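Read off the chains here:
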Amino acid sequence: MNITKMKIFYVIVFFILYIQNSNSIDFNYLSAFNFGDSNSDTGDLVAGLGIRLDLPYGQNSFKTSSQRFCDGRLLIDFLMDAMDMPFLNPYLDSLGLPNFKKGCNFAAAGSTILPANPTSVSPFSFDLQISQFIRFKTRSLELLSKTGRRYEKYLPPLDYYSKGLYMIDIGQNDIAGAFYSKSLDQVLASIPSILETFELGLKRLYEEGGRNFWIHNSGPLGCLAQNIAKFGTDPTKLDEFGCVSSHNQAAKLFNLQLHALSNKFQAQFPDSNVTYVDIFSIKSNLIANYSRFGFENPLMACCGVGGAPLNYDSRITCGQTKVIDGISVTAKACNDSSEYINWDGIHYTEAANHFVSSQILTGKYSDPPFPDQMPFFLSLKF
């Protein structure tokens, strides 16, 4: 047995023993309702705006376009697996006989916490997503009450709302988008008003019976190729890892205040269960120590044009063919996306999402934490 195989063998043995001797945390929710942006959009924006999202999106796992802004599974897909629940169907996709018994996904790519404006990528802001949820709940209960058992297999009954998990991953578009028209100081000053809107949304969900909340903070926005290409042309604006310092500074302040809001909400509504998840630390650790975790490219996009260092051009998106500077170019996917953290300059690869989910499920990055417990075993990437 060579050294590499021996390492793999001992790691597998360690994790088997670890799982056998640890008590699993209870992830036994009856349903899940998700709100957010492209980090967790399983098809809402594509269906809602009637846009196309073809291969190479979805090329891994699904082998066809899955309407996700990724080469395969998203973080939410891995988390649903962890709870032994089916992938969430998007609210706006009516085709394929969607089953909403175990929950629904209202997240839409490009969405923001603040209300959308005429230039927004997505009209489905956090407040609108919550309104969609309320309509979903009201209409579902109406159908269940009027049609007997006809829809029991497809729609959640009343207790599924109070005993369900409300997952929220939104805010990065508010921060990243603000830099196109505001200075760093102005962006930082806008964060309290953004979070006031977020808090109002949380209260609306609570009033509708939501009690279990799982809130993700924002990742290191300055490490996305899109933001580096636009705002990182001056090397003095970059940190030691090549990320845009201002964007990460804004994300950190947003997260600090979001964490405080989460604790405040828990204290204000003691019958709720609020879990704050530090996505920023997980992703920052991945980028800083990418090679140790089996990746070869921390910042460069797998699917794009231009080559190193970023392989990103804002004029063309992944999978497109366009004439740029008089030359026809195609934004193609790399040979092995599992070597990359970044998929298309904006979103993470399936391999990176897999890593992030495995770290979340250790419980170390949550408040309140659930240390020394592991809900399920994610196969490690070697």
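Going by the annotation in an unreviewed UniProt entry, the name recorded for the protein is GDSL esterase/lipase At1g54790-like isoform X3, with Camelina sativa given as the source organism.

Whenever I open this one, the packing of aromatic side chains confuses me. Can you help?
Each aromatic ring pair is characterised by the separation of its centres together with the angle its planes make. Counted according to the given criterion, the structure contains 26 aromatic pairs. Judged by centre distance (5.9 Å) and plane angle (90 degrees), the rings of Phe106 and Phe133 are edge-to-face. Residue Phe106 is located in the loop between strand E2 (103–105) and helix H4 (126–146), and its partner Phe133 is located in helix H4; the two are separated by 27 residues in the primary sequence. Residue Phe106 is classed as buried on the basis of its relative accessible area of 0%. Relative accessible area serves as the criterion here: at 0%, Phe133 is assigned to the buried category. Arranged with centres 5.2 Å apart and planes meeting at 15 degrees, the rings of Phe126 and Phe198 form a pair that is stacked. One end of the pair, Phe126, is in helix H4; the other, Phe198, is in helix H7 (residues 184–207), with 72 residues separating them in the sequence.

Which parts of the structure should I look at to understand the packing of helix H3 (residues 75–82) against helix H11 (residues 350–360)?
Any two packed helices are characterised by how steeply their axes cross, that is the angle between the axes, and by the distance between the axes. Interaxial distance between H3 and H11 falls to 8 Å at its minimum, and their mutual angle equals 45 degrees. Compared by their axis directions, H3 and H11 come out oblique. Our pair here, H3 against H11, has a crossing hand that is right-handed. Across the interface between the two elements, Leu75, Phe78 and Leu79 of H3 pack against Glu350, Asn353, His354, Val356, Ser357 and Ile360 of H11. Tallied by class, the residues present in the contact of H3 with H11 amount to five nonpolar, three polar and one charged.

What is the right way to look at H7 in this model?
Because each turn of an α-helix spans 3.6 residues, side chains separated by three or four positions in sequence point in the same direction. Across its 24 residues, H7 extends 35 Å between first and last C-alpha, which sits within 8% of the 34 Å expected from 1.5 Å per residue. Largest kink in H7: about 30 degrees, centred on Ile191, with the proline Pro192 one to four residues after it. Those residues of H7 that fall on the buried side of the exposure criterion are Val187, Leu188, Ser190, Ile191, Ile194, Leu195, Phe198, Glu199, Gly201, Leu202, Leu205 and Tyr206. Where H7 is buried, its residues contact strand E1 (32–36), H4, strand E3 (165–169), helix H6 (172–178), strand E4 (212–216) and helix H9 (245–268). Looking one or two residues beyond H7, the residue adopting positive phi is Gly209, at roughly 105 degrees.

Looking at this model, I keep getting lost on the sheet that holds E1. Mind explaining?
Hydrogen bonding along the main chain pairs the strands of a sheet, whether they run parallel or antiparallel. One open sheet holds the six strands; their spatial order is E2-E1-E3-E4-E5-E10, and the pairing between them is mixed. Two strands close off the open sheet at either side, each with one partner strand: E2 and strand E10 (366–367). Both E4 and strand E5 (residues 273–277) contribute to a ladder of five bridges, which runs parallel. Directly across from Asn212, in E5, lies its bridge partner Asn273.

Please clarify how the side chain of His347 should be interpreted in this entry.
Within the secondary structure layout, His347 lies in the loop between strand E9 (340–342) and H11. On the basis of relative accessibility, which here comes to 8%, the residue His347 falls in the buried class. One polar contact links His347 to Ser38, side chain to side chain, over a distance of 2.9 Å. Ignoring any residue separated from it by four or fewer positions in sequence, one finds His347 in contact with Ser38, Phe69, Ile341 and Asn342.

Just to check I follow, could you spell out H11 for this structure?
Counting buried residues in H11 gives eleven out of eleven residues, a clear majority hidden from the surface. When H11 is considered as a whole, its buried residues turn out to be Glu350, Ala351, Ala352, Asn353, His354, Phe355, Val356, Ser357, Ser358, Gln359 and Ile360. Here the buried face of H11 lies against H3, E4, E5, helix H10 (279–288), E9 and E10.

Got a minute to help me understand the confidence of the model for the protein in this structure?
Regions with low pLDDT carry predicted coordinates that are not meant to be interpreted in detail. Mean pLDDT for the protein: 90, with 90% of residues reaching 70 or above. This stretch, residues 1–25, has a pLDDT under 50; its non-local contacts, to residues over four places away or in other chains, come to 21 contacts. Confidence over residues 372–382 falls short of pLDDT 50; this stretch has 39 contacts with residues more than four positions distant or in other chains.

Calculation rules
- Residues numbered from 1 in each chain as written.
- Predicted model: local features only at pLDDT ≥ 70, side-chain atom pairs only at ≥ 80, totals over all residues.
- Heavy atoms only, no water.
- Phe/Tyr/Trp six-rings, centres within 6.5 Å; stacked < 30°, edge-to-face > 60°.
- Helix = DSSP H or I, 4+ residues; strand = E, 2+ residues; numbered from the N terminus.
- Buried < 20%, exposed > 50% of the residue type's maximum accessible area, 1.4 Å probe, protein only.
- Axes fitted to C-alpha atoms, helices over the stretch in contact; angles between N-to-C directions.
- Parallel < 35°, antiparallel > 145°, perpendicular 65-115°, else oblique.
- Left-handed = near helix turned anticlockwise from the far one by under 90°.
- Contact = heavy atoms within 4.5 Å.
- Nonpolar A, V, L, I, M, F, W, Y, C, P; charged D, E, K, R; others polar.
- Expected span 1.5 Å × (residues − 1).
- Bend = angle between axes of the 7 residues up to and from the residue.
- Pairing = 2+ DSSP bridges.
- Polar contact = N/O pair within 3.5 Å; in protein donor to acceptor, adjacent residues only side chain to side chain.
- pLDDT = per-residue confidence, 0-100.

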